[in-house]
Amino acid sequence: MIYIAWTIAILYGLGLLSLCQNIWRTMQLVEEQPAFDMRPSAGDGQTPRIDVVIPVKDEEAHVASCIEAALAQDYPDFQVIVVNDRSTDGTGRVVSAIADREPRVKYVEIKELPAGLYGKPHAISQITSSLSGEIVFFMDSDLRVQPNCFRAIVRHLQASKLDWLAVMGAPDLTMFWERLLVPLFGAVAYAWYDPRAISDPNSDVAIGSMFMVARRSSYHTIGGHEAVIRAYDEDSALLRLAKKAGQRVSYVLAPQLYTVRFYGNLKKTILGMTRTCVGGIKTLPRMMITLGAINFVALQPVEILGGLGIARACGVSVPWATVWAGMAVVHFGLSALLCRLIYDRARTNRWLSLLHPLGAVLVLAVCLRATRSMIRGGPITWRGTTYEKPAT
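An account of the accompanying structure is given in this report. What you see is a predicted model; the values in this text were computed from it and never measured.

## Structural notes on the side chain of S125
No. 1: Inspection of the secondary structure assignment puts S125 in helix α4 (residues 119–125).
No. 2: At 3.1 Å, the side chain of S125 and the side chain of Q126 are in polar contact.

Below is the structure:
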């Protein structure tokens, strides 16, 4: 029995060392992010023309602010192409009103979705012939770009000699549950898709973002959105194709460039995260690893302390109880420190890190929902459209 106890203690200690390593890697990841030149025009010389493509579906309440933020950029030469993918609300009316008064805005309406295709990549594939810029921005309608964002991205793309750039901005989190859950869920995603690996040409790791930038020549070389028209995660699929083609790809965390609105209330947050979980984690073995990792990092110390408390209340003697309690307290402190770094990066309240066990329970619930969906292989409904089977 003593050997079993020693073995468990050693394994637990190794797990804590691994947690320390992850904290260090997280700190390094934040420090390694590039600095973007956010200055206004400063003798940049010739500026390439940009096509800004914004696919929308049922975004009547928010699409105007997204377009207006893009139009407010000081960049001299760009057009905005808004693709309305079968919206059932007043999105088309809002966009049409802007296009009528603003010559830089082109409005395209998609009426039907052919069977077996996914809405967003199909919609964008219909406007590729309208692209005229040297550089293409693909922006979700949830984004609000900051002043000089376009100029800063073009400078970075040119200076780094990139073909593709995936940019993750700052989450705009207004409600308690999304403030608690979205940063934790993002940490799970980056555990599988480290931005450094995405930027590494020797790694096949690839994941897209809400703001994708490409040289138009590179985009057409890999077939554009026509090549990923049956992909559930079309943005990630584009980067996978780009890396296979030998194109230079980079993924950056740049909260200074834009903010992105997320889900809102708890129900919408869980539904949105479940969809993302299915498309991102993809396989049951990876999902099992994810469930185990979340439990160890965030819940194991609570489970140990709770178990020791119950044992003591029942009069049960636990060998090395003081040692286990001490290790669990250290474990909780390390987990809280890691979560503090995560919440700081998300620009939300760092004190939420003390509630990370509650957030972890809900993230586990999301992963279990996604696991059930993957096992059943049934349809997934997103933005009013039901898709029979996620394709990758």
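## Structural notes on empty space enclosed by the protein
No. 1: In total, this model carries one cavity of 30 Å³ or more according to the counting rule given.
No. 2: The volume enclosed by the largest cavity comes to roughly 70 Å³.
No. 3: In terms of lining, the largest cavity is formed by 13 residues, of which the most central are K120, F138, M212, E234 and D235.
No. 4: Of all the elements in the fold, those that place two or more residues in the lining of the largest cavity are α4, β4 (135–139) and α9 (234–244).
No. 5: At three residues, the largest contribution of residues to the lining of the largest cavity is made by α9.
No. 6: Split into classes, the residues belonging to the lining of the largest cavity amount to seven nonpolar, two polar and four charged.

## Details of the nonpolar core
No. 1: By size, the foremost hydrophobic cluster in this structure holds 76 residues, and its most contacted members are F137, F150, W164 and F211.
No. 2: When near neighbours in sequence (up to four residues on either side) are disregarded, F137 contacts I50, D51, V52, V53, F150, I153, V154, F211, M212 and V213.
No. 3: Judged by nonpolar contacts, the second largest core, of 26 residues, contains I281, I294, A360 and L364.

## Some details on the sheet that holds strand β9 (residues 249–253)
No. 1: What the seven strands build is an open sheet, ordered β3-β2-β1-β4-β8-β6-β9; its pairing is mixed. Among the strands making up the open sheet, the edge pair consists of β3 (105–110) and β9. Averaged over all pairs of adjacent strands, the angle between their axes in this sheet comes to 20°, without regard to strand direction.
No. 2: Bridge count for strand β2 (residues 78–85) against β3 is six bridges, and the pairing is parallel. Among the inter-strand pairings, V82 is bridged to a residue of β3, identified as Y107.
No. 3: Packing against the sheet, helix α5 (residues 149–159) makes contact with β1 (50–56), β2, β4, β6 (164–168), β8 (211–215) and β9, and its axis sits at approximately 50° to β8.

## Re unusual backbone geometry
No. 1: Look at D58: it is not a glycine, yet its phi comes out positive at around 55°.
No. 2: Summarising the element assignment, D58 is placed in the loop between β1 and α2 (63–71).

## Details of the pattern of salt bridges
No. 1: For the coordinates displayed, the defined rule picks out 19 salt bridges.
No. 2: With a closest N to O distance of 3.4 Å, K111 and E109 form a salt bridge.
No. 3: Between D142 and R261 there is a salt bridge, with the nearest N and O atoms lying 2.9 Å from each other. A residue pair is termed long-range when its members are at least 10 positions apart, and D142 in the loop between β4 and β5 (143–145) and R261 in strand β10 (residues 258–261) qualify at 119 residues.
No. 4: When its relative accessible area of 14% is taken as the criterion, D142 is described as buried.

## Digging into the packing of aromatic side chains
No. 1: Per the counting criterion, the structure on display carries 10 aromatic pairs.
No. 2: On the numbers, 5.8 Å between centres and 70° between planes, the contact of Y118 with Y232 is edge-to-face. Of the two residues, Y118 is situated in the loop between β3 and α4 and Y232 in the loop between α8 (216–221) and α9; the sequence distance between them amounts to 114 residues.
No. 3: The class for Y232 is buried, based on a relative accessible area of 8%.
No. 4: Geometrically, the ring pair formed by F137 and F211 is edge-to-face, given 5.4 Å between the ring centres and 65° between the ring planes.

## What to know about helix α12 (residues 321–345)
No. 1: Helix length check: α12 (25 residues) gives 36 Å between terminal C-alpha atoms against 36 Å at 1.5 Å per residue, within 8%.
No. 2: Considered for burial, the residues of α12 that qualify are W324, M327, A328, H331, L334, S335, A336, L338, C339, I342 and Y343.
No. 3: Residue R347 follows α12 closely and has a positive phi angle near 60°.

## Points about a nonpolar patch on the surface
No. 1: A surface patch of nonpolar side chains, amounting to about 420 Å² of accessible area, comprises I10, L11, L14 and L17.
No. 2: In this structure I10 comes out as partly exposed when scored by relative accessible area, which is 49%.

## Brief notes about the pairing of β9
No. 1: Judged by how many residues are buried, β9 sits mostly within the fold: five of five residues are covered.
No. 2: Of the two faces of β9, both are covered, the one formed by V249, Y251 and L253 as well as the one formed by S250 and V252.
No. 3: Relative to β9, β6 runs parallel, the two sharing five bridges. Its bridge partner being in β9, L165 is matched across the sheet by S250.

What counts, and where the lines are drawn
- Along each chain, residue indices are assigned from 1 in the same order as the chain's sequence is written.
- Note on the predicted model: pLDDT of at least 70 is required for a residue's local features to be given, and 80 or more for side-chain atom pairs to be given and counted; whole-chain, interface and lining totals, by contrast, use all residues.
- Values reported for side chains reflect all heavy atoms of the structure, with hydrogen atoms and water molecules removed beforehand.
- Helix and strand definitions here come from DSSP, where helices need a minimum of 4 consecutive H or I residues and strands a minimum of 2 consecutive E residues; each element is numbered from the N-terminal end.
- Polar contacts, as counted here, are pairs of nitrogen or oxygen atoms within 3.5 Å of one another; within protein the pair requires one atom able to donate a hydrogen and one able to accept it, and residues that are adjacent in sequence qualify only if both atoms are side-chain atoms.
- Grid spacing is 1 Å over the protein atoms alone, the probe is 1.4 Å, and a cavity is where that probe fits but cannot get out, while a pocket is an open set with protein on both sides within 12 Å along at least five of seven lines and lining residues have an atom within 4 Å of a point.
- Grid points are joined across faces, edges and corners, and a volume is the space filled by probe spheres set on the points.
- The classification used treats Ala, Val, Leu, Ile, Met, Phe, Trp, Tyr, Cys and Pro as nonpolar, Asp, Glu, Lys and Arg as charged, and all other residues, Gly among them, as polar.
- Only buried residues count toward a nonpolar core, which is a set of Ala, Val, Leu, Ile, Met, Phe, Trp, Tyr and Cys residues joined through side-chain atoms within 4.5 Å.
- For each residue, the accessible area found with a 1.4 Å probe, counting protein chains only, is set against the maximum for its type, and the residue is called buried under 20%, exposed over 50%, and partly exposed in between.
- Any two residues having at least one pair of non-hydrogen atoms within 4.5 Å are treated as being in contact.
- We treat two strands as partners when DSSP finds at least two bridges between them.
- Comment: axis = line fitted to C-alpha atoms, over the contacting stretch for helices; angle = value between 0 and 180 degrees taken between N-to-C directions.
- A pair is scored as a salt bridge if a Lys or Arg side-chain nitrogen falls within 4 Å of a carboxyl oxygen belonging to Asp or Glu.
- A pair of aromatic rings is counted whenever rings of Phe, Tyr or Trp (Trp by its six-membered ring) have centres within 6.5 Å, and the orientation is called stacked for planes under 30 degrees apart, edge-to-face for over 60 and tilted otherwise.
- One less than the number of residues in a helix, times 1.5 Å, gives the span that helix is expected to have.
- Each patch is built from salt-bridge-free residues with over 30% relative accessible area, joining like charges within 9 Å and nonpolar side chains (Val, Leu, Ile, Met, Phe, Trp, Tyr) within 5 Å.
- In this description, accessible areas are obtained by the Shrake-Rupley approach with a 1.4 Å probe, and a residue is regarded as covered only by the protein chains that are shown.

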